[in-house]
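Structural description and commentary
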Amino acid sequence: SSSSSSSSGDAMLSGELKAAASKLQKEQAQRAEKERQRLEKERILAERQRQRQQQREDEARAKRLEAAAAAAAEEERHLRDLEENRGVSLRVQLAAAPASADAASSRGIKRAADKLQLPPSVGESLMTQNAPKNGAMLFEVAASNGGRTHAGVLEFTAPEGVVLLPEKVANCLWGLPSSGSASDGGSSSITGSAAHQAGAGSLAVAAGPSSSGSRCSGQVWVRYVRLPKGTYVRFQPELRAFHDAVGSDPEVLRSSLEQCLLGYCTLSQGDWVQVPYAGETYSLRVLEVQPGGAVSVIDTDITADVGPSIETEGYLRAQEEA
């Protein structure tokens, strides 16, 4: 009996020890798992931190490379401008604002339709570089939407950081208004040959370029340039009404275009110009100019062609597709 009790007690003790050992083993495993999870979490956090740091370093490196490339491109442009403009280089970013419609007309200034009003600092920079030695001061104007044109300068009286744009320049950069149509002397003479309009009947009005709320606002780049004197320009009326009004008489066409160009200093491919005739004003797009894509129209003889209107071309395309 005593031996049986002893065996029973040993069995209970052995069971308790096994249970304790099992519990200890389980707790150790749990602690080990928690430690493993903690270390894994720290590893993941450290890896994320390393990746963020690497990303910041990569972004900083990319910005440095981009800045270096931009600086190199700007220096190359500056040197090219100095060579092309006989020692004159100017390129500034300015806030665009509309110019007063009578800023020049009230003073009888010629060729004012595409003349900018620039800030005094721009004038000082150009005078320091003796820009007047190159003749009339002309500029490339580029907007963030990709619009680009050229212009002269009316005066250097705009607020600092601002360029005042006449309607013609705004039209060329941002398109014609959606509502519809439309102190350098010298003269320009034009020999015109109008292309005959094709098609007849009722025409659907083709939509011309439109403007938006961003018209004549935002930042534009203004760059001093020398332009060659123009020898040839090809126009395209927005509406068929221009051909209907002017007719096929080359002298009437020549006279109307010549009168139009007396208001401008420059023409660029893609420009819009306004041609007054018989009490109406018609919008014409510049399809082509020679030589190059932009020219001066001061004191030069220009041969001009006028092709079918945008309206007519749209009508003919619709007829072909019908």
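In this report, the structure presented in the accompanying data block is examined. Quantities reported herein were computed from a predicted structural model and do not represent experimental measurements. (Residues numbered from 1 in each chain as written. Predicted model: local features only at pLDDT ≥ 70, side-chain atom pairs only at ≥ 80, totals over all residues. Heavy atoms only, no water.)

Right, let's get into the overall build of the protein chain. Check the secondary structure of the protein chain and you find 6 helices and 13 strands. Within the protein chain, the proportion of its 322 residues that are buried is 35%. Accessible area for the protein chain stands at about 17,600 Å²; split by element, carbon and sulfur atoms hold 51% of it. (Helix = DSSP H or I, 4+ residues; strand = E, 2+ residues; numbered from the N terminus. Buried < 20%, exposed > 50% of the residue type's maximum accessible area, 1.4 Å probe, protein only. Areas by Shrake-Rupley, 256 points an atom, 1.4 Å probe, with all protein chains shown as cover.)

Most of strand β8 (residues 232–237) is tucked away, with 5 of its 6 residues classed as buried. Sheet topology note: the β8/strand β11 (residues 280–290) ladder contains 6 bridges and is antiparallel. Counted as the bridge partner of Gln 236 is Arg 285 from β11. Here 4 bridges tie β8 to strand β13 (residues 300–306), and the two strands are oriented parallel to one another. Paired with Val 233 across the bridge in β13 is Ala 304. (Pairing = 2+ DSSP bridges.)

Our focus in this paragraph is the packing of aromatic side chains. Per the stated rule, a full pass over the model turns up 2 aromatic pairs. Each ring, one from Phe 242 and one from Tyr 282, has its centre 5.7 Å from the other, and the planes form 70°; the classification is edge-to-face. Of the two residues, Phe 242 sits in helix α4 (residues 241–246) while Tyr 282 sits in strand β11, which places them 40 residues apart along the sequence. Exposure class is identical for Phe 242 and Tyr 282. Each is buried. It is Lys 168 that lies over the ring of Tyr 264; its NZ or CZ is 5.3 Å from the centre. (Phe/Tyr/Trp six-rings, centres within 6.5 Å; stacked < 30°, edge-to-face > 60°. Lys NZ or Arg CZ within 6 Å of the ring centre and 35° of its normal.)

This next bit is on the side chain of Asn 85. With respect to the helices and strands, Asn 85 occurs in the loop between α1 (2–84) and β1 (91–98). According to the relative accessible area criterion, Asn 85 is buried, its value standing at 2%. Here Asn 85 is in contact with Asn 134, Tyr 224, Val 225 and Arg 226, once residues within four sequence places are set aside. (Contact = heavy atoms within 4.5 Å.)

Time to look at the environment of Ala 99. By secondary structure assignment, the location of Ala 99 is in the loop between β1 and β2 (115–117). When the C-alpha atoms of Ala 99 and Glu 167 are compared, they prove to be 7.6 Å apart, with 68 residues separating the residues in sequence. Look past the residues within four positions of Ala 99 in its chain and what remains in contact with it is Gln 117, Leu 164, Leu 165 and Pro 166.

Our focus in this paragraph is helix α2 (residues 120–128). Within α2, the full set of buried residues consists of Val 122, Gly 123 and Leu 126. For α2, the angular spread of buried residues about the axis comes to 100°, placing them on one side. When the buried face of α2 is taken as reference, the exposed residues oriented beyond 90 degrees from it are Glu 124 and Thr 128. In this structure, the buried residues of α2 make contact with β1, β3 (138–143) and β7 (219–225). Just beyond α2, the residue with positive phi is Asn 130, at close to 60°. (Arc of directions from axis to C-beta.)

So, on to the nonpolar core. Within the largest apolar cluster, 26 residues are counted, with the highest numbers of intra-cluster contacts made by Leu 116, Leu 118, Leu 126, Phe 139, Leu 165, Trp 174 and Val 220. When residues of this core are traced back to their parent elements, those giving at least two are β1, α2, β3, β4 (148–155), β5 (162–165), α3 (167–174) and β7. The dominant element in this core, judged by the number of residues it contributes, is α3, at 4 residues. Leu 253, Tyr 264, Val 273 and Ile 302 belong to the second largest nonpolar core, which has 21 residues in total. (Core = buried A, V, L, I, M, F, W, Y, C linked by side-chain atoms within 4.5 Å.)

Tracing the backbone through its elements, the reader meets Asp 305 in strand β13. Buried charged residue Asp 305 carries no salt bridge. Nearest counter-charge: Arg 234, at 4.3 Å. Polar contacts involving the side chain of Asp 305 include one to the side chain of Tyr 232, which spans 2.8 Å. (Lys, Arg positive; Asp, Glu negative; His and termini not counted. Salt bridge = Lys/Arg side-chain N within 4 Å of Asp/Glu carboxyl O. Polar contact = N/O pair within 3.5 Å; in protein donor to acceptor, adjacent residues only side chain to side chain.)

Turning to the pattern of salt bridges, a few remarks are in order. Tallied over the full model, the rule gives 16 salt bridges. For Arg 61, the salt bridge is made with Asp 58, and the minimal N-O distance between the two is 2.8 Å. In this pair, Arg 61 and Asp 58 are both assigned in helix α1, 3 residues apart and thus about one turn of the helix distant.

This brings us to the pairing of β7. Extensive coverage of β7 is indicated by the burial of 5 of its 7 residues. Both β3 and β7 contribute to a ladder of 6 bridges, which runs antiparallel. Looking at the pairing, Leu 138 lines up with Val 225 of β7.

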